[in-house]
Amino acid sequence: MKVHERIRSLLRSPWTFYRVLLRGRYDFTYDLMPVQVRGMSTHKRINLTLSGQHLVYRHLRPANWPLHIQLELTNYCNLHCPVCPTGSGALARPPLDMDLGLFERVWNEIGPYLLTASLWGWGEPLLHPQLRDILRIASTQPVATLLSTNGQRLDRPDVQQALVDYPPTYLIVCIDGLTDETNQVYRRGARLQPALEGVKRIAAAKRERNLTFPILHMRYIVMRHNEHELPDIERFARDAEFDLLTIRTLSTTDSTDAAYPQFVPVASDWNAYEYEAGQRIRRHDYVCQQPFWFPALYSDGTLVPCDQDSQARLPFGVITPQRSFADVWFGRDSARVRRIVRDTPETLDICPNCPFADRPAEACSVRAVALRGPVMAQIGPLPGFHQQGQPGL
C-alpha cells in the first residue's frame, strides 16, 4: 500500500465505517476487478473495522483475521514461464496438491471473515485433481473467489463443468499474445486453442443457465515482444467472449535474474517500474500490509506473510489437524515475523526485491475494459446469491 493510498483510506474511514458497520456494505477493487460486498455478517463487519487499525499502526498480534488470502491449490505447473520461480525451475518446495481436508478446515475457519480468496499460488490451480470439490467448498461462504489459470486445461469437459457448477467469482485467464507464436515467448508450452475453446463453452453455459459467475476475465501482461499487439487486444478479447479485459505490467519476483530485462517493454507507459541509467529507481513510499491482513497458505499447509515468499523462507507456521489457522495467525512466531517485516524489511531476502514497493502505480494492472456492459461482482447473502451451483445475481 502506497503512503498516499494509506492516507486516503484514513481520510475516508468515517464514511467507510458507517457503510460497513451500519449498512453492511463495502465496495472495492482488487487489481482493477470491482467487488461489492453487501449484507455482511456481524463477524465480517467487525473484522473489517478491526483491520482498519493497521492504517494507523501495524500491530504485531492483530485483533483481526485476514481480509484476503492466497490459497495455493498446487505448486507445480504445465508451463515454463521464465520469470516465474516455478516455470524456471527455481522453486525449491516439492510438487504438491493442497489436501482437500486442509482446504476445508481452513475455509470453514476463516471464510466468515474474508472479503476475497485467490485460489492459486506458485502453480496451475486447474491441475488439482479435486478441483470440483475445492470449488464446491469455496461456494459455501459469501467470499469473492478469484481463480487465475493459464487456460491449458479449460478445454476439458470436467474442468468446464466444475467451473460452471461451482463458479469462482472471477475466472482469470492469462493470455500474453494474440497468436501462439507471441504467447509462447513468455507462456512457454502454451496454446491458445484450449483456453479460447474453454472460455467460449463456459460463456455458452452461462447464457444457457442464466449465470452471472464466473466473470470471464482475460489478463494480458505487456512485454517487449507483445506490445505491438495492443491495438488489437480489445477486439480479440471481445471476440473470445470475455467479460473483462485487464492489461498488466510484468513484476519482478524473488527469483529475478538476467531473464527479466529482456521482457521490459520499450514503451515506458507499460513499465512496472521507472528506470534511471538502466537501473530500477528505488522508492520509499510503500507501507507493507500483507502480514497484517493478506497472508498466503501454501499447498503443504505453511502460512507465509506474503505470497512473494515463494520459497517459504519466512513462515508464520504450518497448519495441521492439530494446529488451527488461529493458532498460527495469532501466534508468537507470526508476531516475530511481522516485527521483521514492519521494522527491518531490508534484512530479509524477499522484501528488497518486492514487486510492489518500487511501483509508481498502486496496482499491477493498469487498465481495465468492460467488454459486455458494466462489470461488478456483487457478493453477499442476498436473494439470488450464487451457491451450490445455482444461478447468480
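Scoring rules and cut-offs
- Residues numbered from 1 in each chain as written.
- Predicted model: local features only at pLDDT ≥ 70, side-chain atom pairs only at ≥ 80, totals over all residues.
- Heavy atoms only, no water.
- Phe/Tyr/Trp six-rings, centres within 6.5 Å; stacked < 30°, edge-to-face > 60°.
- Helix = DSSP H or I, 4+ residues; strand = E, 2+ residues; numbered from the N terminus.
- Buried < 20%, exposed > 50% of the residue type's maximum accessible area, 1.4 Å probe, protein only.
- pLDDT = per-residue confidence, 0-100.
- Contact = heavy atoms within 4.5 Å.
- Arc of directions from axis to C-beta.
- Pairing = 2+ DSSP bridges.
- Axes fitted to C-alpha atoms, helices over the stretch in contact; angles between N-to-C directions.

Considerations on the packing of aromatic side chains
Under the definition given, this model contains 10 aromatic pairs. Taking 6.2 Å as the distance between ring centres and 55° as the angle between the ring planes, the aromatic pair formed by tyrosine 30 and phenylalanine 294 counts as tilted. Placement of the pair is tyrosine 30 in strand β1 (residues 26-30) and phenylalanine 294 in the loop between α9 (290-293) and β11 (296-297), with a sequence separation of 264 residues. For the pair tyrosine 30 and phenylalanine 294, a shared accessibility class is recorded, and that class is buried. Aromatic pair phenylalanine 316 and tryptophan 329: ring centres 6.0 Å apart, planes at 70°, arrangement edge-to-face.

Let's talk about the confidence of the model for the protein chain
Averaged over every residue, the pLDDT of the protein chain is 91; residues scoring 70 or more account for 95%. In the model, residues 382-393 has pLDDT below 50 throughout and makes 36 contacts with residues more than four positions away in sequence or in other chains.

Digging into helix α4 (residues 131-138)
Listing the buried residues of α4 in full gives Leu131, Ile134, Leu135, Ile137 and Ala138. Each buried residue of α4 lies within a common arc of 160° when the element is viewed along its axis, so the set occupies one face.

Things to note about the sheet that holds strand β3 (residues 68-71)
If you trace the 10 strands from one edge of the open sheet to the other, you get β13-β12-β11-β3-β4-β5-β6-β7-β8-β14, paired in mixed fashion. Since the sheet does not close on itself, it has two edges, and those belong to β13 (317-318) and β14 (365-370), each with one partner.

Things to note about unusual backbone geometry
Each neighbour pair has its own omega, and for phenylalanine 213 with proline 214 the value is 0°, a cis peptide bond. As for its placement among the helices and strands, proline 214 is situated in the loop between α7 (192-209) and β7 (215-222). For aspartate 31, which is not glycine, the phi torsion reads 50° and is therefore positive. Mapped onto the elements of the fold, aspartate 31 is located in the loop between β1 and β2 (33-37).

A few points about the sheet that holds β1
Here 3 strands make up an open sheet; going across it, the order is β1-β2-β15 and the pairing mixed. Across the chains shown, the open sheet's two edge strands, defined by having one partner strand only, are β1 and β15 (377-379). Each adjacent strand pair in this sheet contributes to an overall mean axis angle of 25°, direction not counted. Relative to β2, β1 is paired through 5 bridges, and the arrangement is antiparallel. Paired with aspartate 27 across the two strands is glutamine 36, which belongs to β2.

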